[in-house]
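# Residue-level structure breakdown
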There are 2 protein chains.
Amino acid sequence: MAKVKKAPRPKAQTPKGFRDYFGHEVRERTEMLSKIAGVYHRYGFEALESSAVETVEALGKFLPDVDRPNEGVFAWQDEDDNWMALRYDLTAPLARVYAEHRNDLPLPYRRFAMGPVWRNEKPGPGRYRQFYQCDADTVGAASVAADAEICAMLADCLEELGIPRGDYLIRVNNRKVLNGVLTSVTRGAEQNDIASMSAEGRRAYRDFEMQGLQNDEILDSILRQLDKFDKVGAEGVRHLLTGGRHDASGAFIDGVNLSDEMADGFIAFLQAKRETNAETLARLREILAHSAVGLEGVDELAEIADLLAAQGYGPDRIVIDPSVVRGLGYYTGPVFEAELTFEILDEKGRKRQFGSVAGGGRYDDLVKRFTGQVVPATGVSIGVDRLLAALREKGRVGGSETGPVVVTVMDRDRMADYQAMVAELRQAGIRAEVYLGNPKNFGNQLKYADKRHSPVAVIEGGDEKARGVVQIKDLILGAKIAENASLEEWKERPSQYEVARGDLVAKVREILEGQA
Amino acid sequence: MAKVKKAPRPKAQTPKGFRDYFGHEVRERTEMLSKIAGVYHRYGFEALESSAVETVEALGKFLPDVDRPNEGVFAWQDEDDNWMALRYDLTAPLARVYAEHRNDLPLPYRRFAMGPVWRNEKPGPGRYRQFYQCDADTVGAASVAADAEICAMLADCLEELGIPRGDYLIRVNNRKVLNGVLTSVTRGAEQNDIASMSAEGRRAYRDFEMQGLQNDEILDSILRQLDKFDKVGAEGVRHLLTGGRHDASGAFIDGVNLSDEMADGFIAFLQAKRETNAETLARLREILAHSAVGLEGVDELAEIADLLAAQGYGPDRIVIDPSVVRGLGYYTGPVFEAELTFEILDEKGRKRQFGSVAGGGRYDDLVKRFTGQVVPATGVSIGVDRLLAALREKGRVGGSETGPVVVTVMDRDRMADYQAMVAELRQAGIRAEVYLGNPKNFGNQLKYADKRHSPVAVIEGGDEKARGVVQIKDLILGAKIAENASLEEWKERPSQYEVARGDLVAKVREILEGQA
């Protein structure tokens, strides 16, 4: 009878850039996502779970590097030689799903999605090739009321998770405003008086401005530099827009080679934020006086601010800020970013703000690829791992982890007795288990209980069995006494109790309640 | 400035064998998994989420077809030409995780895992290439108490989900018993009197029996035929073990070409179940009188039955049944299967039992591949989609789906007013949304509310605004009246109310409570 040849032992490790999540890591994320899902649901959004695998052609165009459609994703060929890939984000699959099922879905379609995405990028510290995203999008609503709603929902999500008002800020900008600056700056100010044009004249001039503005590599590259404003400041961006600069590591980063005058135009825009939304809007109208598309964007920002104010979301929570850029080329209207404003210490012990945990915006052209029809859409993506890290930082998740009650095994022939004890405890809703390792060494059983963070251990040897009693050890109190033996009050308190077998559940519950 | 060339439109469809899940499908599964996770947690199991991607060498040996390690999975090469693959199940990754992290994990390690797995197999009706599994395993516990615990936990899971006692049955067998039958039948009865042997003699004879028993293709193929007993019955299995048989479609299925006498031996074993566990065990001892490994398996089954009885799980819930085989070659001890015993109508309208929804067993050799050391392990995998289908069948999930309250838009310039209304409703915990489509056609707004299964629509036109009131439509009642206009009692009941704007939330809540 044939045998399989002996192969060398495989290595027990995840592929490079992947990791495992254990116990409380999984539970904390699940709980966080469940709270966010609750808010999304209250706003009328419906869950969607699309397949993890998509055809490369369905994903292709939305990859960060448009020249190399297979780069950046994990891809393979199926039995018919078609290229498949793991999804890169949750937005491209939404566009595919909406195009595929549009006849059955309500219009507008509000959906949320949460799950892993995969990126074939160089892994680094804290940068994995598989990570969670948590998105909400509205497809088929052209009104900026849809964008305002998503900003309000994002604020509600953060507060639902326990991030207090004042510790977060949602900053809103508009890609149209940016486009207006781009055309004004790169094509020279044409001294049109947009304000005095007819509606028709404005529209025609807007279309003229938008010609060649999308899918333009130089403009995309300008966007990416502007996006670094938060990180490198005005001077840094100026260098990146002109001749280039040295980064923190000393490496030289090429610039876009704009003129100083052009760079000044962009910097003025990035710094257009004022004390109030009204002042910021006025300043933007000044800068964009000669751009139809720019002024359209300012009008939208004004409308968003009004809508949010009517719902009670003031600029202390959601504010207009022209320095928000969002690098992705596919945004077409409002863009927004949520940042946490409380300070943490970075790896070098310096104080810094926690920073961005979510972002999104309007992308009206994503469904069009499939159907040929423009379908307006807007949405937000929450960075699950960063937000979870923030909640840990604020003590909103985590903290002390309580393990199960451990019933020890004093006599391996009486396993049935011990199993009956845990069954009683579990039926009373108490997390409990029997020690299932080799019971020979009792010390190992207590070490196990310690490793499991068990609050209580139960012991029933032959003597206890004969007398109809059990020993119950309060392990939390025991640890405190061991740690701090000088505290007389604790020394006097017993950490082990002998109770009748019939009182097992009641006594364990009493101890657990005392520990809570 | 360079432009991207226009590509033909991509097709909006999932790759073959993949699908999307919408709204209540996602929610029902999430709720089911959350309840199961609660039971697993109460039993002391800890969550584990391993990466979706593994090296092919880490998965390899556990694929169903050992000769072709890359078959059956979705695989690709990474930048260093190493083969990666999507996980095929949750057991192989557990073995890798345990081997990798064994110094940090408690021993025994109880873990649960839930998530998608991927199989590169031919898709068919109801057979997808991505589906959920939900597993619990105990690693490092040699005692059959670990197997008994998993069976009890499985029963608790089913009851927690609302499947009543009597509607499910967990059947337990032991691969050692099967191995005993295999050696007795295929090597001829050697007329050893195992019962009278010394412990040492038994062990030696056991080792002799086990020689060549694992990784044996013919034995694996016999196992697969025995596994079909539930489906094709004793006569069907007899043909599959001997000359072959025609299946329902008329196709001929090759047999294993055993002698009739050998086949009889297997059939006798499959039919060894008696009225009580004690009688079944006695019958097995008779059949296996000449097999040391077989009698060891019977002893384990007896111990499991005792442990379960002590915890209150009688044979009405968990029963010893020698006809449970479980095709997978890697099981080494107890095996179990949960089936739902209530009847459903199949696609042809015939009554049949719902069937298997979970299964598992002991697999002591899985970690050894990585470390060289045998690590005992046992676990169960719940078929998430089948169990969800069963719960829908029993009316335990699904039912009427209630959508959000829809605030209609009568005047698009007053969007801020409507947004303020939904904000109030949401703050009161009521699911609500503003209609965000084109508001021109009011009929479309009501059609939208209908498609969303909205319970209530809110209307505030210019007249209502001036009078400080809103109109609130009870859409559920409205639909009932429309459906059944002859019912006088409903005709007399109003389905639309005019209330003061300030009473909006209170009135909506009152209507929702009346509908519930």
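These remarks concern the structure in this document. Here the structure is a predicted model, which is why all the values come from computation and not from measurement. (Residues numbered from 1 in each chain as written. Chains lettered and ligands numbered in written order. Predicted model: local features only at pLDDT ≥ 70, side-chain atom pairs only at ≥ 80, totals over all residues. Heavy atoms only, no water.)

### Comments concerning the pairing of strand 12 (residues 334-345) of chain B
Residue and element names in this part refer to chain B. Burial analysis of strand 12 places ten of its twelve residues in the buried class, the great majority of the element. With seven bridges joining them, strand 8 (residues 168-174) and strand 12 adopt antiparallel strand pairing. Residue pairing across strands places Asn-174 opposite Pro-334, the latter belonging to strand 12. Alignment of strand 12 against strand 13 (residues 351-362), held across nine bridges, turns out to be antiparallel. Within the sheet, the bridge partner assigned to Phe-336 lies in strand 13 and is Gly-360. Counted between consecutive antiparallel strands, the loop separating strand 12 from strand 13 contains five residues, among which Gly-349 sits at a positive phi close to 80°. (Buried < 20%, exposed > 50% of the residue type's maximum accessible area, 1.4 Å probe, protein only. Helix = DSSP H or I, 4+ residues; strand = E, 2+ residues; numbered from the N terminus. Pairing = 2+ DSSP bridges.)

### Here's the deal with the relation of the copies chain B and chain A
With an RMSD of 0.1 Å, chain B superimposes on chain A once it is rotated by 180° and translated 0.0 Å along the axis. Considering both components of the superposition, the chain copies are consistent with a two-fold axis. When C-alpha positions in chain B are compared against the rotation axis, the closest is assigned to B:Trp76, at 2.9 Å. Same-surface contact between copies: 98% of interface residues of chain B are shared with the interface of chain A. (Least-squares fit on C-alpha atoms with pLDDT ≥ 70 in both. Contact = heavy atoms within 4.5 Å.)

### A word on the packing of aromatic side chains
According to the stated counting rule, one finds 16 aromatic pairs over all chains in the structure shown. When the ring of B:Tyr40 is compared with that of B:Phe45, the centres are 6.4 Å apart and the planes differ by 40°; the resulting orientation is tilted. Judged by relative accessible area, which is 0%, B:Phe45 ranks as buried. An angle of 70° between the planes, with centres 5.2 Å apart, marks the rings of B:Tyr435 and B:Tyr448 as edge-to-face. Here B:Tyr448 lies in helix 15 (residues 442-451) and B:Tyr435 lies in the loop between strand 16 (432-434) and helix 15, a separation of 13 residues in the sequence. Of the two residues examined, B:Tyr435 and B:Tyr448, each falls in the buried class. One aromatic cluster is present, built from ring pairs that chain together A:Phe18, A:Phe74, A:Trp76, B:Phe18, B:Phe74 and B:Trp76. (Phe/Tyr/Trp six-rings, centres within 6.5 Å; stacked < 30°, edge-to-face > 60°.)

### Quick look at unusual backbone geometry
The general pattern is negative phi for most residues beyond glycine and trans for most peptide bonds. A cis geometry characterises the amide bond from A:Leu107 onward to A:Pro108, with omega recorded as -5°. Structurally, A:Pro108 is set in the loop between helix 3 (91-101) and strand 6 (109-118). If you check the backbone angles, B:Asp81 has positive phi at about 70° while not being a glycine. Classification of B:Asp81 by relative accessible area gives exposed; the value is 55%. Located in the positive-phi region is B:Asn257, a residue other than glycine, with phi close to 65°. If you trace the backbone, B:Asn257 turns up in the loop between strand 10 (252-254) and helix 9 (260-270). B:Asn257 sits in the exposed class, given a relative accessible area of 62%.

### Considerations on the state of the cysteines
All names here are of chain A. Inspection of the entire model under this criterion finds zero disulfides over all chains. Not engaged in a disulfide, the cysteine Cys-134 finds its nearest cysteine sulfur in Cys-157; these two sulfurs lie 7.0 Å apart. Taking the relative accessible area as the measure of exposure, Cys-134 reaches 0% and is therefore buried. Just so you know, Cys-151 is unpaired, no disulfide at all, and the nearest cysteine sulfur is the one on Cys-157, 12 Å from it. (Disulfide = S-S within 2.5 Å.)

### Describing the interface of chain B and chain A
Each partner contributes residues to the interface: chain B has 104 residues there, and chain A has 103 residues. Taking both partners together, chain B and chain A bury about 8800 Å²; carbon and sulfur atoms supply 55% of that area. It is B:Glu49, B:Arg426 and B:Leu436 in chain B that bury the most area against chain A; as a group they hold 8% of the surface buried on that side. Connecting chain B to chain A are 18 salt bridges. Two residues, B:Arg426 and A:Glu149, come together in a salt bridge whose shortest N-O distance is 3.2 Å. The greatest single-element share of the side of chain B that touches chain A, amounting to seven residues, is contributed by helix 14 (residues 415-427) of chain B. For the side of chain B that touches chain A, the class distribution of residues is 51 nonpolar, 22 polar and 31 charged. Judged from the two bridges that link them, strand 2 (residues 46-49) of chain A and strand 1 (residues 21-22) of chain B form a sheet pairing that is antiparallel. Note on strand 1 of chain B: the bridge partner recorded for A:Glu49 is B:Tyr21. (Buried area = accessible area lost by both parts, 1.4 Å probe. Salt bridge = Lys/Arg side-chain N within 4 Å of Asp/Glu carboxyl O. Nonpolar A, V, L, I, M, F, W, Y, C, P; charged D, E, K, R; others polar.)

### Structural notes on the environment of A:Lys122
Here A:Lys122 lies in the loop between strand 6 and strand 7 (130-139). Expressed as a C-alpha distance, the spacing of A:Lys122 and A:Glu275, which sit 153 residues apart in the sequence, is 41 Å.

### Focus: the sheet that holds strand 12 (residues 334-345) of chain A
An order of 11(A)-8(A)-12(A)-13(A)-14(A)-7(A)-6(A)-2(A)-1(B) is seen for the nine strands of this open sheet, with the pairing classed as mixed. Of all strands in the sheet, those bounded by a partner on one side alone are strand 11 (318-320) of chain A together with strand 1 of chain B. The pairing of strand 13 (residues 351-362) of chain A with strand 14 (residues 377-383) of chain A spans five bridges and is antiparallel. Paired with A:Arg362 across the two strands is A:Thr378, which belongs to strand 14 of chain A. Here helix 11 (residues 292-310) of chain A sits on the sheet in contact with strand 8 (168-174), strand 11 and strand 12 of chain A, set at roughly 150° to strand 8 of chain A. (Axes fitted to C-alpha atoms, helices over the stretch in contact; angles between N-to-C directions.)

Purely spatial values, then, with no claim about function.
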